[in-house]
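Structural characterization, general
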Amino acid sequence: MYGLVNRAIQQMVSSHHGEDAWQRSTLRADLQDLDFFSTYQAYPDDVTHRLVAAATEVLGLSGEQIMQAFGEYWITYTASEGYEQLLESTGETLPEFLDQLDNLHARAAIAFPELQPPSFRCQHSADQTMELEYRSKRQGLAPMVTGLLHGLGKRFRTPLTVDQIASRDHGDAKDLFHVRLATPPDRSAEHVDPSMIQE
Ligand code: HEM
């Protein structure tokens, strides 16, 4: 994966657990000779997997916990690394945003030409719930999607719950997430139904 991903892991581990935890993780992953990750260089996926596996041992967390935390971190990290505009133009509400995830990655591919992006399909129900299907050529990253959805919930100030209801890691044909919004997505005041405003 692109260096942007490995840099985000580095930043998350060092800012949440200290520089020392990061140094120990690179040592365990046998990556101590790499001085830094270059944002726009594509690294073998194995590098990312080794880093995550090493961090689980150093931090005493499960791979699932780290990938969830990473997914959530990715939303603020990409915003701070120059992609705020891309996030902003992807949707005004969380449901809108989830419909445009493939579009977001298609636009990201301009900066990352060798991108092997995930793909998402979102089905909306009238009761503020959605089913999100996640497709990837990679295996094992579904916990990251749960974290991403929580990170997006925070970004849109839209409280939500996420349940993974089918998992390729557990033998199902696909990765499917059930997302329930606690409140209607927050649109701007002009979208408020006038009949709801009491005199
Ligand atoms: C502006 C924000 C974003 C940028 C610049 C971006 C870019 C990237 C990049 C560079 C990768 C590495 C893939 C590779 O190197 O082949 C990636 C992977 C990924 N992205 Fe995004 N992304 C953004 C936002 C999001 C959001 C909001 C989601 C929410 C669902 C998401 C879901 C994923 C997932 C799940 C992966 C792991 C790769 C896989 O599943 O195969 N990304 N993205």
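Residues numbered from 1 in each chain as written. Predicted model: local features only at pLDDT ≥ 70, side-chain atom pairs only at ≥ 80, totals over all residues. Heavy atoms only, no water.

**Side note on the packing of aromatic side chains**
Given two aromatic rings, one states the distance between the centres and the angle between the planes to describe the pair. Throughout the structure, instances matching the rule amount to nine aromatic pairs. Here the aromatic cluster, defined as three or more aromatic residues joined through ring pairs, consists of Tyr2, Tyr40, Tyr83 and Phe112. (Phe/Tyr/Trp six-rings, centres within 6.5 Å; stacked < 30°, edge-to-face > 60°.)

**Points about the pattern of salt bridges**
Side chains carrying opposite charge are able to pair once their charged atoms draw close together. This structure, assessed with the given rule, holds 10 salt bridges. The salt bridge partner of Glu72 is Lys154, with a shortest N-O separation of 2.4 Å. Remark: Lys154 occurs in helix H7 (residues 142-155) and Glu72 occurs in helix H4 (residues 63-88); sequence separation between them is 82 residues. We classify Lys154 as exposed; its relative accessible area is 59%. Two residues, Glu84 and Arg155, come together in a salt bridge whose shortest N-O distance is 3.0 Å. Here Arg155 lies in helix H7 and Glu84 lies in helix H4, a separation of 71 residues in the sequence. Several salt bridges share partner residues, and in doing so they unite Glu133, Arg135 and Lys174 into one network. (Salt bridge = Lys/Arg side-chain N within 4 Å of Asp/Glu carboxyl O. Helix = DSSP H or I, 4+ residues; strand = E, 2+ residues; numbered from the N terminus. Buried < 20%, exposed > 50% of the residue type's maximum accessible area, 1.4 Å probe, protein only.)

**Details of the pairing of strand S2 (residues 129-135)**
Burial analysis of S2 places five of its seven residues in the buried class, the great majority of the element. Relative to S2, strand S1 (residues 119-124) is paired through six bridges, and the arrangement is antiparallel. Note that in S2 the partner of Cys122 across the bridge is Leu132. Linking two consecutive strands that pair antiparallel, namely S1 and S2, is a turn of four residues; a positive phi of about 65° is found at Gln128 within it. The pairing of S2 with strand S4 (residues 175-181) spans six bridges and is antiparallel. Note that in S4 the partner of Met130 across the bridge is Val179. (Pairing = 2+ DSSP bridges.)

**A word on the domain arrangement of the chain**
For the chain, the domain assignment lists domain 1 (3-61) and domain 2 (90-185). Each of domain 1 and domain 2 has a C-alpha centre, and the two are 24 Å apart. Taken together, the contacts link six residues of domain 1 with six residues of domain 2. The largest per-residue losses of area from domain 1 upon contact with domain 2 belong to Tyr40, Asp45 and His49, which jointly make up 70% of the total buried on that side. Our count for the contact surface shared by domain 1 and domain 2 stands at one salt bridge. Asp45 is the salt-bridge partner of Arg138, the closest N and O atoms lying 2.7 Å from each other. Summed over the shared surface of domain 1 and domain 2, the result is one residue pair in polar contact (both at pLDDT 80 or more). (Domains from an automatic or database assignment. Contact = heavy atoms within 4.5 Å. Buried area = accessible area lost by both parts, 1.4 Å probe. Polar contact = N/O pair within 3.5 Å; in protein donor to acceptor, adjacent residues only side chain to side chain.)

**Side note on the site of the ligand**
Tyr2, His105, Tyr134, Ser136 and Arg138 are the nearest of the 24 residues found near the ligand. Contact distances for the ligand include 2.9 Å between an oxygen atom and a backbone N or O atom of Gln116. With six residues, the single largest contributor to the shell around the ligand is H4. Across the shell around the ligand, the residue classes break down as 19 nonpolar, four polar and one charged. (Near = heavy atom within 4 Å. Nonpolar A, V, L, I, M, F, W, Y, C, P; charged D, E, K, R; others polar.)

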